[in-house]
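So the chains spell out like this:
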Amino acid sequence: MNSFPFGSGRPDPESFPNRGLAEAAMRILPELGDELALYPGNLGFEPMRRLMSQRFEKREGVPLPPEQIALTTGSMQAVTLMAQAFVDSPGDVILMEEFSYSGTIGAYKQEGAELVGIPLDENGMRMDALEKTIDELGNAGRKPKFIYALVTYQNPTGSIMPIDRRLDLLDIAGRHQIPVVEDHCYADTVYEDCHEPALYTLEHECPVVHIESLSKILGPGVRMGYLAAPQPLLNEILKFRRDGGASTLSAAIVYEYFREQLWDHVGNINTIVKEKRDLMFHMLADSPDVFEWFSKPKGGLFIWVKLTDGVDRSALSSLAESRNIDYASGSAFHVRGEDVPFIRLAFGYSSLDQIREGIPLLADCVRQCRIAS
Ligand SMILES: Cc1ncc(COP(=O)(O)O)c(C=O)c1O
């Protein structure tokens, strides 16, 4: 039976440059000297940090000194380090979009934080709700440890926050002196021209930590991510790091491949994934009786789909699984795990044929799981 992998946020597998990386490894490993006999240290392989600094400057038009970058094992290590560094006691509050990345929700709960969700709309986290929540917490004598924000191609909703709201976010955080953690891991997965500047590049009076990843433009198997923060904040965070540093082997090979190929690769993978996004929308639109969507994301890897009223979500999950259709349930992305009438469909990893065949099959499953009224 065919399978339909619409569950997890992985990039296009065909564009993974196996051969290019193998050739890069052959070129660079003999040149590394004794680097692989050493621990990488807190910041990691310097040429890779320089390359990521250039990546940032090309996209954002603002320099990011390599000394402010620390390579991590995927961006998830950076995300987790934030809670390890900022959460002191169980029940310390972290603010985040009401719907956010399931991995972050799990990690922060495990670190003992209490997650407080801020409602969001198609422009991201709502600032009226943020201000109100901070005030209410303040009245109860509680100050959030940080705001975790996915302002660019939000996971799961795909929203991108416009500049005015970004400035408002930094203004609110600055007035209350609450650090902001900007998880920017989808920043280069772009299908339409819609750039908004990273929070890190805007004037701010609160600490801002910026997180990026290579998982979404290359592959999660390489486990490369990084965080950026100015000193002394960077060292404060890195005190919690206990792994000896991010793999020099991975960093060196990826660096050698990307130093000439980065933007060609990004352009190529985005062209491929854009076609998949467009096709998935086209197929969803063929079943307006069962699917609605939150927005048409201009970047990222997901469509946040609202199921029309009266669908038995537990029956849907079993029926879809029996037909090898994988999707992510909305509850996984709700800060309190509420069972919401949404599913998240990822379009990066599946082939065009899987999308063409799988979305009508999923629509059929939804129809079969309607609760008779
Ligand atoms: C918002 C967000 N942050 C972080 C991650 C972790 O990615 P990685 O550790 O592979 O860089 C993901 C993965 O899906 C994500 O969606």
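Bear in mind that the values here come from a model prediction, so they are computed numbers and not experimental data.

## Side note on the overall build of the protein chain
1) Next: Of the regular secondary structure elements, the protein chain holds 10 helices and 15 strands.
2) Next: Compactness check: the protein chain gives a C-alpha radius of gyration of 21 Å against a globular reference of 21 Å for 373 residues, within 12% of the reference.
3) Next: In terms of principal-axis extent, the alpha carbons of the protein chain reach across some 65 × 60 × 35 Å.
4) Next: When burial is assessed residue by residue, the protein chain has 44% of its 373 residues classed as buried.
5) Next: A separation of at least 24 residues holds for 78% of the contacts in the protein chain among residues at least 6 apart in sequence.

## Some words on the domain arrangement of the protein chain
1) Next: One can read the domain layout of the protein chain as domain 1 (4–14 + 265–368) and domain 2 (32–261).
2) Next: Contacts between the two partners involve 26 residues from domain 1 and, on the opposite side, 28 residues from domain 2.
3) Next: Within the residue set of the side of domain 1 that touches domain 2, elements represented by two or more residues are helix 8 (248–285) and strand 12 (302–307).
4) Next: Looking at the side of domain 1 that touches domain 2, the element that brings in the most residues is helix 8, giving seven residues.

## A word on the packing of helix 1 (residues 18–28) against helix 8
1) Next: Remark: helix 1 packs on helix 8, axes separated minimally by 8 Å, with the N-to-C direction vectors making an angle of 110°. With respect to helix 8, the element helix 1 is oriented roughly perpendicular. Like other packed secondary-structure pairs, helix 1 and helix 8 cross with a definite hand, here right-handed. In contact with Gly20, Leu21, Ala24, Ala25, Arg27 and Ile28 of helix 1, helix 8 contributes Ala252, Ile253, Glu256, Tyr257 and Gln261.

## As for the sheet that holds strand 7 (residues 146–149)
Neighbouring strands of a sheet are bound in pairs by backbone hydrogen bonds; such pairs are parallel or else antiparallel.
1) Next: With mixed pairing, the seven strands of this open sheet are ordered in space as 2-10-9-8-7-3-4. One side of each edge strand has no neighbouring strand; the edge strands of this open sheet are strand 2 (69–73) and strand 4 (114–118). When the angles between neighbouring strand axes are averaged without regard to direction, this sheet yields 25°.
2) Next: Examined bridge by bridge, strand 7 and strand 8 (residues 180–183) share three bridges and lie parallel to one another. The residue bridging Tyr148 from the neighbouring strand is Val181, located in strand 8.
3) Next: Helix 5 (residues 127–139) rests against strand 3 (93–97) and strand 4 of the sheet, and its axis sits at about 145° to strand 4.

## Examining the site of the ligand
1) Next: Around the ligand sit 15 residues, and of these Gly74, Ser75, Met76, Ser213 and Ser215 come closest.
2) Next: Per-element accounting of the shell around the ligand gives the leading share, four residues, to helix 3 (residues 74–86).
3) Next: Looking at the shell around the ligand residue by residue, the classes come out as six nonpolar, eight polar and one charged.

## Examining the pairing of strand 12
1) Next: Strand direction decides the pairing type here: strand 11 (residues 291–293) and strand 12, joined by three bridges, are antiparallel. Each residue of the ladder has a partner; that of Glu292, found in strand 12, is Lys306.
2) Next: Examined bridge by bridge, strand 12 and strand 15 (residues 342–346) share five bridges and lie antiparallel to one another. Paired with Lys306 across the two strands is Phe342, which belongs to strand 15.

## As for helix 2 (residues 46–60)
1) Next: Compared with an ideal rise of 1.5 Å per residue, which puts 15 residues at 21 Å, helix 2 spans 21 Å between its outermost C-alpha atoms and is within 8% of the ideal.
2) Next: Of the positions making up helix 2, those classed as buried are Met48, Arg49, Leu51, Met52, Arg55, Phe56 and Arg59. The buried residues of helix 2 occupy one face: seen down the axis, they fall within an arc of 160°.
3) Next: The secondary structure elements touched by the buried residues of helix 2 are strand 2, strand 10 (224–228) and helix 8.
4) Next: One or two positions beyond helix 2, positive phi appears at Gly61, with a value near 75°.

## Notes on the sheet that holds strand 15
1) Next: Taking strand neighbours across the sheet as the criterion, the four strands line up as 11-12-15-14 in an open arrangement whose pairing is antiparallel. Single-partner strands in this sheet number two, and they are strand 11 and strand 14 (328–329).
2) Next: Of the strand pairs in this sheet, strand 14 and strand 15 are connected by two bridges, and their pairing is antiparallel. Looking across to strand 15, one finds that Ser329 is bridged to Ile343.

## Examining the nonpolar core
1) Next: Counting residues in each nonpolar core, the largest one holds 104 residues, and the members touching the most others are Met82, Ala149, Val181, Ala251, Val254 and Leu345.
2) Next: Looking at which element gives the most residues to this core, the answer is helix 8, with 12 residues.
3) Next: Of the domains in this structure, domain 1 (4–14 + 265–368) and domain 2 (32–261) are the two that each give at least three residues to this core.

## Concerning the pairing of strand 7
Every other side chain in a regular strand lies on the same face of the sheet, so the side chains alternate between the two faces.
1) Next: Along strand 7, one buried face is formed by Phe146 and Tyr148 and the opposite face, lined by Ile147 and Ala149, is buried too.
2) Next: Where strand 3 and strand 7 come together, three bridges link them in parallel fashion. Residue pairing for strand 7: Ile94 is matched across the bridge by Phe146.
3) Next: Chirality of the crossover, the property in question, places the unit of strand 7, helix 6 (residues 163–176) and strand 8 among those that are right-handed.

Reading the values: rules and limits
Residues numbered from 1 in each chain as written. Predicted model: local features only at pLDDT ≥ 70, side-chain atom pairs only at ≥ 80, totals over all residues. Helix = DSSP H or I, 4+ residues; strand = E, 2+ residues; numbered from the N terminus. Rg over C-alpha atoms; globule rule 2.2 N^0.38 Å. Buried ≥ 20, exposed ≤ 12 C-beta atoms within 10 Å, placed from the backbone. Contact = placed C-beta atoms within 7 Å. Domains from an automatic or database assignment. Axes fitted to C-alpha atoms, helices over the stretch in contact; angles between N-to-C directions. Parallel < 35°, antiparallel > 145°, perpendicular 65-115°, else oblique. Left-handed = near helix turned anticlockwise from the far one by under 90°. Pairing = 2+ DSSP bridges. Near = placed C-beta within 6 Å. Nonpolar A, V, L, I, M, F, W, Y, C, P; charged D, E, K, R; others polar. Expected span 1.5 Å × (residues − 1). Arc of directions from axis to C-beta. Core = buried A, V, L, I, M, F, W, Y, C linked by C-beta atoms within 7 Å. Right-handed = clockwise from strand over helix to strand, strands pointing away.

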